Amino acid sequence: MSEAIDFFISKFRDNINREYEPGRYFRPRPYRNASVRFRNCSIEDFEKRRDILVNEAGLNAFMFRSDMIPGCDLLSDSGTTTMTMRQWAAMLLGDEAYGSNEGYFELKNQITETFGKDWVSGNENRSGENLFIFHQGRAVENALFTVLGRVAAKNETRQPKLANGLMPALKKRIESKLLSGKGNTPGSCDSQFIIPSNSHFDTTQGNIEDKGMIPINLPCPQHLADDRDYRFRGDMDVDEIENLLENEGSRVPLVYITITNNTGGGQPVSIANIKRIREITDRFNIPLFFDACRFAENAWFIKKYEKGYSDKSITEIVHEMFSYVDGFHISLKKDGLVNMGGALVLKEGGIFTEKYPDFKGGLTDYQIMAEGHPTYGGLAGRDLKSIVEGFRVVVRQDYLDARIGQIKRVADSLTGYGIPIIEPAGGHAVYIDMDKFFDGIKIDDFMGVSVTALLLIAGHRVCELGTYAFGRYMDGNEIPPDPRVNFVRAAVPRLAYEDMDLLSFVEAVKVLYDHRERIPGVNVEYGRDLPLRHFKSRFSFKK
Ligand SMILES: Cc1ncc(COP(=O)(O)O)c(C=O)c1O
């Protein structure tokens, strides 16, 4: 072929491999739209949105009608995926049998493909099933902690007071939670289990507390530090978990790692950290679980940034990650690439199934009462088919490059305007740091709620995940989250938006940032003292 053609090929290649610069990005998405949804409202309808927000939704983003959002709906990346044509096609082949439908067996096989051979489920007479389907992640959490509370109570003995050997700051954190424990006299922790995690998601935290257990977050010291070079800020604090298990191991039925760490900014967890936590939990014979919602995104970061993994495929990395845990729960609405679904998967012969032999029976009974047979767990047979197909796509390198690259482009555009976010950005969302956003400006407690409300008027929806979502109101006092988190999260749905949409969101944030001293605070009109209050509360703008 002529030299000139080779010249142009090399120029085209340089072009698509260029680092992103705002306004100049030339690599196409690895997919194209196969179906589109026209909007029924206009970006110009600012006053209409203001009226709905104030009069109908009480400034609560969860209550705002989605058909009135003309811009980006970044409330959640959960269940908001645009499914592929193959997923829709697979749904037509759904088997709607009452039990053990075709999709269930396909999903069992796919779980072994995706997570590795340790996750083989069942034996010939199918008495050893280890896959339990649920309608979504929080339903798994509810079931897991209900049944675990019952079976773990049988074989654990716990002291009435917390051990003196606990690190003082850790002890204080646990004690502050004891006061809110169910059926618990202040200062005593009779019968209370502790479930540690790098950081629990809000529903996980809610479900653990609801069962009278104590959720405790042990994020690594770098998790909110201004250290751009540390890429695995989702890691767990190794010293704290070791100290907790040394002193209060009998109170810990299970250790959790959330991948990626949503509450801590969607930050990834390194294999090195997972391995280290495994060594510690092994020493104390305590099971280790993943909250695995974003497992593929986590694996992408390991491949990109962890030493020794750049030549491995995403699937190989996923297999290694999952070789270190005894079970996992997953909301399939994230890296399952579907709109609804959840699952609990247990490793046969792992510490969990050995330590709690009655768990599976208890869980099966629970499921039959609450969700349906474990082989469909509240989902239609066709849903299982779409999950199988979703698992095939989510580990594709080109898909993950495009997805996480898009998040980075949004993050870079925000920081280009000086807007403070958690840096580097994680895998599914950009977290705008409210404390820094309003640094040096006199503000009210819940500015994240105000920013969220004003962005809705601009035409975009985000989620406050900060002092309102994670704080508590007790005895007339506001107790902020500890460790402190104060973010507004823009979570990007998978396969749904183009860069242009997201950049329009960035411009709206810039308007607020440029005039941040004029942003009004909010009054809480209803629900300040409720559990999970950010889903339910109503607010009004201060005059
Ligand atoms: C880390 C994490 N765990 C659990 C859940 C709960 O899953 P679901 O929304 O399916 O109930 C979520 C949802 O966003 C999450 O991000």
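Source: prediction; values computed, not measured.

With that settled, consider the packing of aromatic side chains. For the coordinates displayed, the defined rule picks out 27 aromatic pairs. For the pair Tyr104 and Phe105, a centre-to-centre distance of 5.6 Å together with 80 degrees between the ring planes defines the contact as edge-to-face. Aromatic pair Phe322 and Phe328: ring centres 4.9 Å apart, planes at 80 degrees, arrangement edge-to-face. Each of the two residues, Phe322 as well as Phe328, counts as buried. Aromatic rings pair up to connect Phe115, Trp119, Phe290, Phe295, Phe322, Phe328 and Phe391 into one cluster. Here the guanidinium or amino end of Arg516 rests over the ring plane of Tyr513, the centre of that ring lying 4.0 Å away.

The biggest cluster of nonpolar side chains holds 70 residues, and the ones touching the most others in it are Leu244, Phe290, Phe295, Met321, Phe322 and Phe391. Each of domain 1 (28-77 + 397-541) and domain 2 (91-394) contributes no fewer than three residues to this core. Excluding residues within four positions of it along the chain, Leu244 makes contact with Leu166, Leu170, Ile174, Ile194, Pro196, Ile216, Leu218, Gly249 and Val252. By size, the runner-up hydrophobic cluster in this structure holds 30 residues, among which are Cys72, Leu414, Val488 and Leu512.

What follows concerns the packing of helix H4 (residues 102-115) against helix H11 (residues 314-323). Packing of H4 against H11 leaves a shortest axis separation of 7 Å and a crossing angle of 95 degrees. Between H4 and H11, the interaxial angle falls into the category roughly perpendicular. Along the contact surface, H4 presents Thr112, Glu113, Thr114 and Phe115, while H11 presents Thr315, Val318, His319 and Phe322. Partitioned by chemical class, the residues of the contact of H4 with H11 number 3 nonpolar, 4 polar and 1 charged.

Cut-offs applied
- Think of each chain on its own: its residues are numbered from 1, step by step along the sequence as written.
- pLDDT decides what is reported in this predicted model: residues at 70 or higher carry local features, side-chain atom pairs at 80 or more are listed and counted, and totals for whole chains, interfaces and linings draw on all residues regardless.
- The side-chain quantities take in all heavy atoms of the structure and omit both hydrogens and water.
- When two rings of Phe, Tyr or Trp (its six-membered ring) have centres within 6.5 Å they constitute a pair, described as stacked for plane angles under 30 degrees, edge-to-face for angles over 60, and tilted for the intermediate range.
- Exposure categories follow from relative accessible area, calculated using a 1.4 Å probe and restricted to protein chains: below 20% of the type maximum is buried, above 50% is exposed, and the middle band is partly exposed.
- Over a ring means this: the NZ of a Lys or the CZ of an Arg is within 6 Å of the ring centre and within 35 degrees of the ring normal.
- The criterion is simple. A nonpolar core is a set of buried Ala, Val, Leu, Ile, Met, Phe, Trp, Tyr and Cys residues joined through side-chain atoms within 4.5 Å.
- Boundaries between domains were set according to an automatic or database domain assignment.
- Here a residue-residue contact requires only that any non-hydrogen atoms of the pair lie within 4.5 Å.
- In this analysis, axes come from line fits to C-alpha atoms, helices being fitted only over the stretch in contact, and the angle between any two N-to-C directions falls in the range 0 to 180 degrees.
- To qualify as a helix, a DSSP run of H or I must reach at least 4 residues; to qualify as a strand, a run of E must reach at least 2; elements of each kind are numbered from the N terminus.
- Working rule for angles: under 35 degrees goes down as roughly parallel, over 145 as roughly antiparallel, 65 to 115 as roughly perpendicular, anything else as oblique.
- Only Asp, Glu, Lys and Arg are considered charged, only Ala, Val, Leu, Ile, Met, Phe, Trp, Tyr, Cys and Pro nonpolar, and every remaining residue, Gly among them, polar.

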